[in-house]
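# Close look at the chain arrangement
Listed here are the chains, written in short residue letters.
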Amino acid sequence: MNISICENLKELRKQKGNTQEELAEHLGISMQAVSKWERGEGYPDITLIPALALYYNVTSDKLLGMTDISINAKIQEYNAKVEEVYNEFESESERINRRLAICREAQKEFPNNHTVLFSLLYALGWKSNEDENYNEMIALGERLLRESTDNDMRFNAIYNLSFFCMKHGDFENAKKYADMIPNCWNNKEILYSRILSGEEAVEHNQRAIISYVQLVCNFANSLWANMQNKYSREEIIKVLEFILNLNRLVYPDGDFNNESEVFYNLYNLACWNLMVGNTEKALSYVEEMPEHFIKIYKSNKAKHTSFLVNKLEYGGYQIPESRLNEVKNTLQDLFENKGRMNFDCIRTDERYITAIDKMKTLLET
């Protein structure tokens, strides 16, 4: 990093209209020390940097001479390190700890950068069951709410504070933060749908459709996942069928926006139908799985053809290795009975064998 603090101190002092003596008196040091800094014959002690930044009402990064471009480039380097964590470690606990370590390293270098602080907040949240991390997470989130003027940053901070309070068992604070978010009728998607026109409106509304379909699917998934002890197996199957049918309704051409969701949906439907003894339906869902499994791996970029979303593109992104590993682990249920469901009752059926062979072939290539 090119430190240009000498020139910056001189310029900031001139802008403020104060003297070297006044700055020295404020910091409790000699005027000779300030003079040496401005001549480039030395640097302020690192413990004085926050006080200097506060005195001139600038960030420590700006005081040290880092431009926005160089700061963003360095933060992107830290983000890339976080992404690599998912390829380097198989254990989830190792990933969480390593991610947290990288975020703490970034915070030391950029202690006042809100993007860095939010990344640390998110990383801490996955360890929010530990009281020390939980308290730090709350403090970080509250700081972002006080300081940030970026609405997306603020809403994301509120969302994560609410979610991780819930995870920690602090339901009162979880609800307190949730109440800070506007209800679903007061959001950008609905407002834009009213004020835009022409092609711009069509494209926006199609993106909104995709978002709301995903939102409804998330609600339904949460419903059956959290109510398994209260819902009958038949009722859970109805919820899962609703999710699948909603996707089929919006994407009748099979150009699904979220192939992995459809894949897991089919897998769960196969499992629950086996539990109620409906082997024919279970087999029909297993038969569909290879088509989506292949698309998860290929993820080719293409344009939607289904009418409600035909202005938009989908796919074309790299599936994270961690996500592929999750899919592979799910398949172990089907291949080797290593999971929660025993597929022995359909394992010898020709349709089951064909579907499994298609997916195994892709895994082996």
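Coordinates for the structure precede this section.
Structural notes, computed from the coordinates. (Residues numbered from 1 in each chain as written. Predicted model: local features only at pLDDT ≥ 70, side-chain atom pairs only at ≥ 80, totals over all residues. Heavy atoms only, no water.)

### Remarks on the overall build of the chain
Looking only at helices and strands, one finds 18 helices and two strands in the chain. When burial is assessed residue by residue, the chain has 40% of its 365 residues classed as buried. Contacts in the chain between residues far apart in sequence, at least 24 positions, make up 60% of those at least 6 positions apart. Of the roughly 21000 Å² that the chain leaves accessible, carbon and sulfur atoms contribute 51%. (Helix = DSSP H or I, 4+ residues; strand = E, 2+ residues; numbered from the N terminus. Buried < 20%, exposed > 50% of the residue type's maximum accessible area, 1.4 Å probe, protein only. Contact = heavy atoms within 4.5 Å. Areas by Shrake-Rupley, 256 points an atom, 1.4 Å probe, with all protein chains shown as cover.)

### Regarding the packing of aromatic side chains
Under the definition given, this model contains nine aromatic pairs. Taking the centre distance of 5.5 Å and the plane angle of 75° together, the rings of Trp 126 and Phe 164 count as edge-to-face. In this pair, Trp 126 sits in the loop between helix 8 (114-125) and helix 9 (131-147) while Phe 164 sits in helix 10 (residues 151-168), placing the two residues 38 residues apart along the sequence. Each ring, one from Phe 163 and one from Phe 164, has its centre 5.1 Å from the other, and the planes form 75°; the classification is edge-to-face. For Phe 163, a relative accessible area of 33% translates into the label partly exposed. Residue classification places Phe 164 among the buried residues on the basis of a relative accessible area of 1%. Put simply, the rings of Tyr 122, Trp 126, Phe 163 and Phe 164 touch in pairs and so form one group of aromatic residues. When the ring centre of Tyr 55 is taken as reference, the NZ or CZ atom of Lys 16 above it lies at 4.7 Å. (Phe/Tyr/Trp six-rings, centres within 6.5 Å; stacked < 30°, edge-to-face > 60°. Lys NZ or Arg CZ within 6 Å of the ring centre and 35° of its normal.)

### Overview of the pattern of salt bridges
As enumerated under the stated definition, the model contains 18 salt bridges in all. Where Glu 77 meets Lys 74, a salt bridge forms, and the shortest distance between an N and an O atom there is 3.6 Å. Linking Glu 77 with Lys 74, this pair stays in helix 6 (residues 68-88), spanning three residues, or about one helical turn. Since its relative accessible area comes to 25%, Lys 74 is described here as partly exposed. The closest approach of N and O atoms between Glu 172 and Lys 175, which form a salt bridge, is 3.5 Å. (Salt bridge = Lys/Arg side-chain N within 4 Å of Asp/Glu carboxyl O.)

### A short note on the packing of helix 15 (residues 259-275) against helix 16 (residues 279-298)
Closest axis-to-axis distance for the helix 15/helix 16 pair is 8 Å, and the angle between their directions is 160°. The orientation of helix 15 relative to helix 16 falls into the category roughly antiparallel. Crossing hand, helix 15 versus helix 16: left-handed. Along its contact with helix 15, which presents Glu 259, Ser 260, Val 262, Phe 263, Leu 266, Tyr 267, Leu 269, Ala 270, Asn 273 and Leu 274, the element helix 16 presents Thr 279, Lys 281, Ala 282, Tyr 285, Val 286, Glu 288, Met 289, His 292, Phe 293, Lys 295 and Ile 296. (Axes fitted to C-alpha atoms, helices over the stretch in contact; angles between N-to-C directions. Parallel < 35°, antiparallel > 145°, perpendicular 65-115°, else oblique. Left-handed = near helix turned anticlockwise from the far one by under 90°.)

### As for the nonpolar core
Residues Phe 263, Phe 343, Ile 346 and Tyr 352 are the most contacted members of the largest nonpolar core, which totals 41 residues. Mapped by element, the contributors of at least two residues to this core are helix 13 (198-226), helix 14 (233-250), helix 15, helix 16 and helix 18 (350-364). A total of ten residues in this core trace back to one element, the largest contributor, which is helix 15. Grouped together as the second largest cluster of nonpolar side chains are 22 residues, Cys 103, Leu 117, Ala 123 and Leu 145 included. (Core = buried A, V, L, I, M, F, W, Y, C linked by side-chain atoms within 4.5 Å.)

### Topic: the side chain of Ser 306
By the element assignment, Ser 306 lies in the loop between strand 1 (302-303) and strand 2 (313-314). Under the relative-accessibility criterion, Ser 306 is labelled buried at 0%. A polar atom in the side chain of Ser 306 sits 3.1 Å from the backbone nitrogen of Asp 253. Within the local environment of Ser 306, its side chain forms a polar contact with the side chain of Asp 255, the two groups lying 2.4 Å apart. Dropping the residues within four chain positions of it, Ser 306 is found in contact with Val 250, Tyr 251, Pro 252, Asp 253 and Asp 255. (Polar contact = N/O pair within 3.5 Å; in protein donor to acceptor, adjacent residues only side chain to side chain.)

### A look at the side chain of Asn 265
By the secondary structure assignment, Asn 265 is in helix 15. At a separation of 3.1 Å, a polar atom in the side chain of Asn 265 contacts the main-chain amide nitrogen of Leu 244. With sequence-adjacent residues up to four places away left out, Asn 265 is seen in contact with Leu 240, Ile 243 and Leu 244.

On their own, these measurements won't tell you what the molecule is for.
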